[in-house]
Amino acid sequence: MLSHKFIFLIFSICFVLYYSNAAFSEKQLASAKKMITNICKPRANATDEDLEGMRSGLFSRPAMCFINCVLVSNKWQNKDNTFNMAGASATMKMLPEEYHAEGDRVIETCKDAAKTLDDKCVSAMEIGKCFYENSDSMRKFLS
């Protein structure tokens, strides 16, 4: 199941790292989670229930659009709704060294995850789900 906690954490980390170019603390991560949620939740018209539904694999349109907002904000999704490998790679390089190989592998695995290119929100959900399903060490890191 794709957990909204995982989605919040991975893309919050990406947001913090991409824009700060520095290591991050738990406090910074919590702040980034709150910031990205405060930005993307209203943009996607997502409710707490929409985001909570992702825990059980229920992706409402607002929940998928929330993921799109997070991905676009972090430059992980291109304008044509494909996965932006360069943006994700730049972020992954800022993670601790022990996650680089896993990050590179998952980026390669998920490079073509977006199948529904005519819908930015569905495409974002496909990318997020691929990362969740293929990154054991990232899940451990983000737990």
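Up top is the structure these notes are about.
Residues numbered from 1 in each chain as written. Predicted model: local features only at pLDDT ≥ 70, side-chain atom pairs only at ≥ 80, totals over all residues. Heavy atoms only, no water.

### Description of helix α6 (residues 100–110)
Item 1. Three or more residues of α6 are buried, namely His-100, Glu-102, Gly-103, Val-106, Ile-107 and Cys-110. An end-on view of α6 places all buried positions within 160° of arc, on one side of the element. (Buried < 20%, exposed > 50% of the residue type's maximum accessible area, 1.4 Å probe, protein only. Helix = DSSP H or I, 4+ residues; strand = E, 2+ residues; numbered from the N terminus. Arc of directions from axis to C-beta.)

### Structural notes on the side chain of Ser-135
Item 1. Mapping Ser-135 onto the fold places it in the loop between α7 (120–133) and α8 (136–142).
Item 2. Take Ser-135: its relative accessible area is 0%, and that puts it in the buried class.
Item 3. At 2.5 Å, the side chain of Ser-135 forms a polar contact with the backbone oxygen of Phe-131. (Polar contact = N/O pair within 3.5 Å; in protein donor to acceptor, adjacent residues only side chain to side chain.)

### Focus on the packing of helix α5 (residues 85–92) against α6
Each pair of packed helices gets described by two things: the angle between the helix axes and the distance between those axes.
Item 1. Taken N-terminus to C-terminus, the directions of α5 and α6 make an angle of 170°; their axes are 10 Å apart at the nearest point. On the basis of their axis angle, the class for α5 and α6 is roughly antiparallel. On the side of α5, the interface is formed by Met-85, Ala-88, Ser-89 and Met-92, while α6 contributes His-100, Gly-103, Ile-107 and Glu-108.
Item 2. Grouping the amino acids of the contact of α5 with α6 by side-chain chemistry returns 4 nonpolar, 3 polar and 1 charged. (Axes fitted to C-alpha atoms, helices over the stretch in contact; angles between N-to-C directions. Parallel < 35°, antiparallel > 145°, perpendicular 65-115°, else oblique. Contact = heavy atoms within 4.5 Å. Nonpolar A, V, L, I, M, F, W, Y, C, P; charged D, E, K, R; others polar.)

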